[in-house]
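Fold and contact review
Here is what each chain is made of, one letter per residue.
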There are 2 protein chains.
Amino acid sequence: MGTITKALEMLNFFSREKPEIGLGEFVRLTGRDKATVHRHLGELEENGFLEQLPVSRAYRLGPAILRLAAVRETTHPARRLLRPIVSQLADDIGELVHVSLLQGAQLSPVFHADPKCYGTQVHFDVAEMLPLHATSSGQAVLAFAAPELCERVLGGPLPRYTDETTTDRESLLAMVERARETGIGKAERTFDEEVTSESIALFDAAGQPVGALAVIVPAVRASEEKWSQIRPLLIDAARAATHSLGGVLPPSHPLK
Amino acid sequence: MGTITKALEMLNFFSREKPEIGLGEFVRLTGRDKATVHRHLGELEENGFLEQLPVSRAYRLGPAILRLAAVRETTHPARRLLRPIVSQLADDIGELVHVSLLQGAQLSPVFHADPKCYGTQVHFDVAEMLPLHATSSGQAVLAFAAPELCERVLGGPLPRYTDETTTDRESLLAMVERARETGIGKAERTFDEEVTSESIALFDAAGQPVGALAVIVPAVRASEEKWSQIRPLLIDAARAATHSLGGVLPPSHPLK
């Protein structure tokens, strides 16, 4: 692993539950020696990717990230364009909706909306990367991605998140094939045992998948009847989302 | 310069005017050899800080930045807290307002609002870091910062942005002293020759400056009368901004 990757991966330890991390904890989390970790933290801080808190000396994510996010949004405003679509769908169906963008062989959450209509809500962690093999969004993307991405996912580690996570090659290929036939990825308790979801890929101007729009429903209130009410609205919203990104569904897409 | 810094600084070349940068242009911009630049770009892309466009092969800022920005905002929502204050002030005074946060010895813009009431507007570049010695926000921050920061700025390079930029030590110290007496930093054509500004620092819970709230007025319509109308509203908004961050003005602050 390169030095740059080692440093950047340290940023991924931050989450809603862990907004501040000290030097000692970074040493434990990375398994690297203190001098190396300290040097990496120093460079990240110097460039504004971390900031050190005055009293505790712990680190949190720094202001450079906000600035760069604003630059990306100014020139490529996916988040701003998708926000109203995600919020409207969440309001219409009363369930959590999220959009994520492809980042290497994972999906990176960029926006979610939770109408909070029910007592049971899905706990959505914005910091958590979504694995392609265990999520409905992953299936929806793999179904229309270049074959190399599918091979990379199937050839890589396939962690088991719940008893329902599919980890063998043939079953995964069958799931991707089903998503290709329907245009919709489906996951039942495969990433979180209390959660079901359906997703549709979003596409760029070349018809390549760039991310996915997903509806997440707690398994306790998921039923085929409920999904059959949600699905037409999800399909309309996904078409609108691809359109707002300046993209087009590929010719082979069944919802085209 | 460390490898991590070399890689992270490549992200700073992106701006509203330059949303996509190719390998050849990165080689020119960095002055480093192609193999090194290519390796750095590869690591940044692999970690989602860049993404490569399918047709042009150029790079743009990647989705990991949006995800990390969302994590920071979830746990430390400066942008969300400051946005309504910045927008309200901009609406009230009809001029551009921005807030920036301290990042090392510079200020990093995080949010701005432009009511666009006039034919002449300030062109505000979200990608541009603000130097402490040449901006009103920098004066407002330096006036209440630890002496080490002031020494670091005065001891570092002091680029001249316009004919009005102050670059000698004594004059800069006098400007900072005036900002300490009034609580307000003032800049007339020192960073952009068509622009004037006034700023007030924002503080954390320990009374240390963390950033600044600034009003920017094109020099063509700036007058002392106009500033005397703006100033009371800027003072109220800066107090509200520090308060919303959970901060307090230091005991020595004249606006306390």
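Residues numbered from 1 in each chain as written. Chains lettered and ligands numbered in written order. Predicted model: local features only at pLDDT ≥ 70, side-chain atom pairs only at ≥ 80, totals over all residues. Heavy atoms only, no water.

1. Observations regarding the relation of the copies chain A and chain B
Overlaying chain A on chain B yields an RMSD of 0.0 Å, the required transformation being a rotation through 180° with an accompanying axial translation of 0.0 Å. In short, the pair behaves as if placed about a two-fold rotation axis. Taking C-alpha positions as the reference, the residue of chain A nearest the rotation axis is Ile4 of chain A, at 2.6 Å. A symmetric contact is evident, with 100% of the interface residues of chain A recurring at the interface of chain B. (Least-squares fit on C-alpha atoms with pLDDT ≥ 70 in both. Contact = heavy atoms within 4.5 Å.)

2. Let's talk about the side chain of Thr196 of chain A
Secondary-structure assignment places Thr196 of chain A in strand S7 (residues 195–203). Residues contacting Thr196 of chain A, with those up to four places away along its chain left out, are Ala187, Glu188, Arg189, Val215, Ile216, Val217, Ala219, Ala222 and Trp227 of chain A. (Helix = DSSP H or I, 4+ residues; strand = E, 2+ residues; numbered from the N terminus.)

3. Details of the environment of Glu45 of chain B
All names here are of chain B. Along the polypeptide, Glu45 turns up in helix H3 (residues 34–46). Given the relative accessible area of 30%, Glu45 is considered partly exposed. Once residues lying within four places of it in the same chain are set aside, the contact partners of Glu45 are Leu50, Glu51, Gln52 and Tyr59. (Buried < 20%, exposed > 50% of the residue type's maximum accessible area, 1.4 Å probe, protein only.)

4. Re the pairing of strand S3 (residues 96–103) of chain A
Residues and elements named next belong to chain A. Counting buried positions over the eight residues of S3 gives eight, a clear majority of the element. Pairing geometry for S3 and strand S8 (residues 209–218), over six bridges, is antiparallel. Bridge pairing links Leu96 to Ile216 in S8. In this structure, S3 lies alongside strand S4 (residues 106–113), joined through seven bridges in antiparallel fashion. (Pairing = 2+ DSSP bridges.)

5. Structural notes on the pairing of strand S4 (residues 106–113) of chain B
All names here are of chain B. Counting buried positions along S4 gives six out of eight residues, so the element sits mostly inside the fold. In this antiparallel pair of consecutive strands, strand S3 (residues 96–103) and S4, the connection spans two residues, and Gly104 shows a positive phi of 65°. In the sheet, S4 pairs with strand S5 (residues 130–131) via two bridges, with the strands oriented antiparallel. Residue pairing in the sheet places Leu107 in a bridge with Leu130 of S5.

6. Quick notes on a negative patch on the surface
Negative charge collects at one region of the surface, where Glu128, Asp163, Glu164, Glu188, Asp192, Glu193 and Glu194 of chain A lie side by side. With respect to the element layout, Glu188 of chain A can be found in strand S6 (residues 185–188). (Patch = residues over 30% accessible without salt bridge, like charges linked within 9 Å, V, L, I, M, F, W, Y side chains within 5 Å. Areas by Shrake-Rupley, 256 points an atom, 1.4 Å probe, with all protein chains shown as cover. Salt bridge = Lys/Arg side-chain N within 4 Å of Asp/Glu carboxyl O. Lys, Arg positive; Asp, Glu negative; His and termini not counted. Charge placed at Lys NZ, Arg CZ, Asp CG, Glu CD.)

7. Some remarks on the sheet that holds S3 of chain B
Across a sheet, paired strands are connected by hydrogen bonds in the backbone, their directions being either parallel or antiparallel. One open sheet accounts for six strands, arranged S5-S4-S3-S8-S7-S6 (chain B); its pairing is antiparallel. Edge strands, defined here as strands with exactly one partner in the open sheet, are S5 and strand S6 (185–188) of chain B.

8. Comments concerning the packing of aromatic side chains
Scanning the model with the defined rule gives 11 aromatic pairs over all chains in all. Both rings, one in Phe14 of chain A and one in Phe26 of chain A, keep their centres 5.8 Å apart while their planes meet at 65°; by these two values the pair is edge-to-face. Of this pair, Phe14 of chain A sits in the loop between helix H1 (3–11) and helix H2 (23–30) while Phe26 of chain A sits in helix H2, and the two are 12 residues apart along the sequence. With a relative accessible area of 0%, Phe26 of chain A lands in the buried category. Ring centres of Phe49 of chain A and Phe49 of chain B lie 6.3 Å apart, and the angle between their planes is 55°; this geometry places the pair in the tilted category. With Phe49 of chain A in the loop between helix H3 (34–46) and strand S1 (50–52) and Phe49 of chain B in the loop between H3 and strand S1 (50–52), this pair bridges two chains. Judged by relative accessible area, which is 2%, Phe49 of chain A ranks as buried. Members of the aromatic cluster, joined through ring pairs, are Phe13, Phe14, Phe26 and Tyr59 of chain A. (Phe/Tyr/Trp six-rings, centres within 6.5 Å; stacked < 30°, edge-to-face > 60°.)

9. Looking at the nonpolar core
Among the nonpolar cores identified, the biggest contains 155 residues, and Phe49 and Leu213 of chain A together with Phe49 and Leu213 of chain B are the most heavily contacted of them. If near-sequence neighbours (up to four positions away) are discounted, Leu213 of chain B is found in contact with Val86, Leu89, Val97, His98, Val99, Glu198, Ser199, Ile200, Leu202, Leu234, Ala237 and Ala238 of chain B. (Core = buried A, V, L, I, M, F, W, Y, C linked by side-chain atoms within 4.5 Å.)

10. Some thoughts on the interface of chain A and chain B
Note on interface size: it is often stated as the accessible area lost on association of the parts. Listed by partner, the interface residues are 51 residues for chain A and 51 residues for chain B. Both faces combined, the contact of chain A with chain B buries some 4600 Å², and carbon together with sulfur accounts for 65% of it. The largest per-residue losses of area from chain A upon contact with chain B belong to Ile4, Leu66 and Arg67 of chain A, which jointly make up 17% of the total buried on that side. Taken together, the links from chain A to chain B amount to four salt bridges. When the shortest N-O distance is used, the salt bridge between Arg72 of chain A and Glu51 of chain B registers 2.8 Å. Of all the secondary structure elements, the ones that give two or more residues to the side of chain A that touches chain B are H1, H3, strand S2 (59–61), helix H4 (63–75), S3 and S4 of chain A. Here the element with the most residues in the side of chain A that touches chain B is H4 of chain A; it accounts for 13 residues. (Buried area = accessible area lost by both parts, 1.4 Å probe.)

11. Digging into the sheet that holds S4 of chain A
Taken in spatial order, the six strands line up as S5-S4-S3-S8-S7-S6 (chain A) in an open sheet, and their pairing is antiparallel. For this open sheet the edge positions go to strand S5 (130–131) and S6 of chain A, each flanked by a neighbour on one side alone.

12. Section: the domain arrangement of chain A
All names here are of chain A. Domain assignment breaks chain A into domain 1 (3–67) and domain 2 (76–244). For domain 1 versus domain 2, the separation of C-alpha centres amounts to 30 Å. Taken residue by residue, the interface counts four residues in domain 1 and five residues in domain 2. Carbon and sulfur atoms supply 39% of the area that domain 1 and domain 2 bury against each other, a total of about 320 Å² over both sides. Linking domain 1 with domain 2 are zero salt bridges, by the criterion used here. Linking domain 1 with domain 2 are zero residue pairs in polar contact (both at pLDDT 80 or more), by the criterion used here. Here the side of domain 1 that touches domain 2 is built from residues that sort into one nonpolar, one polar and two charged. (Domains from an automatic or database assignment. Polar contact = N/O pair within 3.5 Å; in protein donor to acceptor, adjacent residues only side chain to side chain. Nonpolar A, V, L, I, M, F, W, Y, C, P; charged D, E, K, R; others polar.)

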